[in-house]
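One letter stands for each residue in the lines below.
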Amino acid sequence: MPTRYREPNRAARAANTVIRWLADIGISIAGTRALRVRGRKSGKQRAVVVNLLTLGGTDYLVSPRGDTQWARNVRAAGVVEVGPRWRRQRAAASELADAAKPDVLRRYLARWYWQVKDYVAGLTPDSTDEQLLAAAPTIPVFALGPSR
């Protein structure tokens, strides 16, 4: 898989810290959720804020910045916790094959393009299937299901 990672700048990290704190206490801004995943090297719980997309009863995590630390941790752990601190739900996470990503990416972009437009590999909500398939290897997407 080609590696692409758009690291957030200092202002984005500061904003994400505040938004993560709000999500952790149960206040969602435009669909944000608190995500906790065990670090692949340290073994410690790591927290990040994500946009959780629900399609057809399945929740999806999309890493528009590419192969981020949290995406690598989810890939390694296979289990995440989502939600505010008093209602966290464990879920198994499985990475989607590139061929299955275009519909999820299109729906994700339709909802959050205004937020992620600067780092989604030039994609827009109107991108063709071919464009979405070409970018799919650089954008990790995980389906969440019942915890094992």
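On a predicted model such as this, the values are computed, not experimentally measured, just so you know.

A. Quick peek at the overall build of the protein chain. If you tally the helices and strands in the protein chain, you get 4 helices and 6 strands. Ordered by position from the N terminus, the helices and strands of the protein chain form the series α-β-β-β-α-β-β-α-α-β. Counting the 148 residues in the protein chain, one finds 44% classified as buried. Taking the contacts inside the protein chain whose residues are at least 6 apart along the sequence as the reference set, 66% of them involve residues at least 24 apart.

B. Main features of the sheet that holds strand β3 (residues 58-62). Ordered by their spatial adjacency, 6 strands build a closed barrel running β1-β2-β3-β6-β5-β4, and the pairing between neighbours is antiparallel. Geometrically, the sheet is characterised by an average inter-axis angle of 45° between neighbouring strands, direction not taken into account. Along the sheet, helix α2 (residues 69-77) contacts β1 (32-38), β2 (45-55), β3, β4 (79-82), β5 (89-95) and β6 (141-146); its crossing angle with β1, the most-contacted strand, is approximately 55°. Sheet contacts for helix α3 (residues 101-116): β2, β3 and β6; angle to β2, the most-contacted strand, approximately 105°.

C. Here's a closer look at the pattern of salt bridges. Evaluated as defined, the whole model comprises 6 salt bridges. Its salt-bridge partner being glutamate 95, residue arginine 75 comes within 2.7 Å of it at the nearest N-O pair. On the criterion of sequence distance, the pair formed by arginine 75 in helix α2 and glutamate 95 in strand β5 is long-range, its members being 20 residues apart. Here arginine 75 falls in the partly exposed class, since its relative accessible area comes to 32%. Here glutamate 95 falls in the partly exposed class, since its relative accessible area comes to 30%.

D. Quick look at the pairing of β5. Here 4 bridges tie β4 to β5, and the two strands are oriented antiparallel to one another. Residue pairing for β5: valine 80 is matched across the bridge by alanine 91. The antiparallel hairpin formed by β4 and β5 contains 6 residues in its connecting segment, where glycine 83 sits at a positive phi of about 120°. Taken together, the 5 bridges between β5 and β6 define a ladder with antiparallel strand orientation. In the strand pairing of β6, alanine 93 is matched with leucine 144.

E. Expanded view of the environment of alanine 136. Examined against the element boundaries, alanine 136 turns out to sit in the loop between α4 (129-135) and β6. A C-alpha to C-alpha distance of 7.8 Å links alanine 136 and alanine 99, two positions 37 residues apart in sequence. Not counting the four nearest positions on each side in its chain, alanine 136 is found in contact with Asp98, Lys101 and Leu105.

F. Main features of α2. Restricting attention to buried positions, one finds in α2 the residues Trp70, Ala71, Asn73 and Val74. The buried residues of α2 occupy an angular sector of 160° when projected down its axis, which confines them to one face. Where α2 is buried, its residues touch β1, β2, β3, β4, β5 and β6. Positioned one or two residues after α2, glycine 78 has a phi angle of 75°, which is positive.

Each value, and the rule that gives it
- Residues numbered from 1 in each chain as written.
- Predicted model: local features only at pLDDT ≥ 70, side-chain atom pairs only at ≥ 80, totals over all residues.
- Heavy atoms only, no water.
- Helix = DSSP H or I, 4+ residues; strand = E, 2+ residues; numbered from the N terminus.
- Buried < 20%, exposed > 50% of the residue type's maximum accessible area, 1.4 Å probe, protein only.
- Contact = heavy atoms within 4.5 Å.
- Pairing = 2+ DSSP bridges.
- Axes fitted to C-alpha atoms, helices over the stretch in contact; angles between N-to-C directions.
- Salt bridge = Lys/Arg side-chain N within 4 Å of Asp/Glu carboxyl O.
- Arc of directions from axis to C-beta.

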